[in-house]
Amino acid sequence: TPSQSKRAAMHKGNHYNRTLAILRGKPVLFSSMIFASGMLLTACNTTGDTQVAKDWSDVTNRDWRLASVRDGTRTLTPDVPIEASANFATDGKVSGSSGCNSYVGGYTQYAENLTFSPLVGTRMMCMGDAMEIEDAFNRATLRVAGWTMDKSNLVLTDTTGKAIMTFTAPKP
């Protein structure tokens, strides 16, 4: 009947008005809850990775030791006596060992971006696994596009953000 539908509409309107009245007094509380939730999610680290502040000055003028290098689908890990390394000087030069040969070259770093200029190096013959590390190291430097810190390790990444070279922190 028409009077029943009119009463239902009024009831619906009253419910709507009561809900609005309740919410009108709560915007600060609601906004605070949203802000607190966001802060909690930001503070939580579900991956378990501890990231260190990305400050390039923590990287420069230190002898970083290569821990691993990705070469295609393989990850290679140098074993003693193979010691690949990198030292990034504050003037944009990089030097070190690529496995058994020494190298020198330049780099450009801006924020999280990092690229190498072509490196020049000695051309000694490397024995055993040293040549494999040497070749992988040299190919990887051509693909470096960025950097990050993972705990105390320096991680050089490609254009997709995948780690291609990981260096351990130098001993104090």
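Residues numbered from 1 in each chain as written. Predicted model: local features only at pLDDT ≥ 70, side-chain atom pairs only at ≥ 80, totals over all residues. Heavy atoms only, no water.

(A) Highlighting the pairing of strand β6 (residues 113-116). Going residue by residue along β6, you find Leu114 and Phe116 tucked away on one face and Asn113 and Thr115 left uncovered on the opposite face. As paired strands, strand β5 (residues 102-110) and β6 are joined by 4 bridges and run antiparallel to one another. Looking at the pairing, Thr108 lines up with Thr115 of β6. A loop of 2 residues connects β5 with β6, the two strands running antiparallel in sequence, and Ala111 in this loop sits at a positive phi of about 55°. (Buried < 20%, exposed > 50% of the residue type's maximum accessible area, 1.4 Å probe, protein only. Helix = DSSP H or I, 4+ residues; strand = E, 2+ residues; numbered from the N terminus. Pairing = 2+ DSSP bridges.)

(B) Spatial organisation of the pairing of strand β3 (residues 85-88). The side-chain alternation of β3 yields two buried faces, one formed by Ser85 and Asn87 and the other by Ala86 and Phe88. Note that strand β1 (residues 64-71) and β3 share 2 bridges and pair antiparallel. Along β3, the bridge assignment pairs Trp64 with Ala86. Connecting the antiparallel pair β3 and strand β4 (residues 93-97) is a turn made up of 4 residues, with Gly92 showing a positive phi of about 90°.

(C) The arrangement of the pattern of salt bridges in detail. Scanning the entire structure with this criterion turns up 5 salt bridges. Between Arg74 and Glu132 there is a salt bridge, and its shortest N-O distance comes to 2.7 Å. With Arg74 in strand β2 (residues 74-76) and Glu132 in helix α3 (residues 129-143), this pair connects stretches of sequence that are 58 residues apart. Residue classification places Arg74 among the partly exposed positions, given a relative accessible area of 39%. Taking the relative accessible area as the measure of exposure, Glu132 reaches 32% and is therefore partly exposed. A salt bridge links Lys93 to Asp91, with the nearest nitrogen and oxygen atoms 3.8 Å apart. Residue classification places Lys93 among the partly exposed positions, given a relative accessible area of 48%. Its relative accessible area of 52% is what places Asp91 among the exposed residues. Because the salt bridges share partners, they merge into one network encompassing Asp71, Arg74, Glu132 and Arg139. (Salt bridge = Lys/Arg side-chain N within 4 Å of Asp/Glu carboxyl O.)

All quantities given are derived from atomic positions and should not be read as evidence of function.
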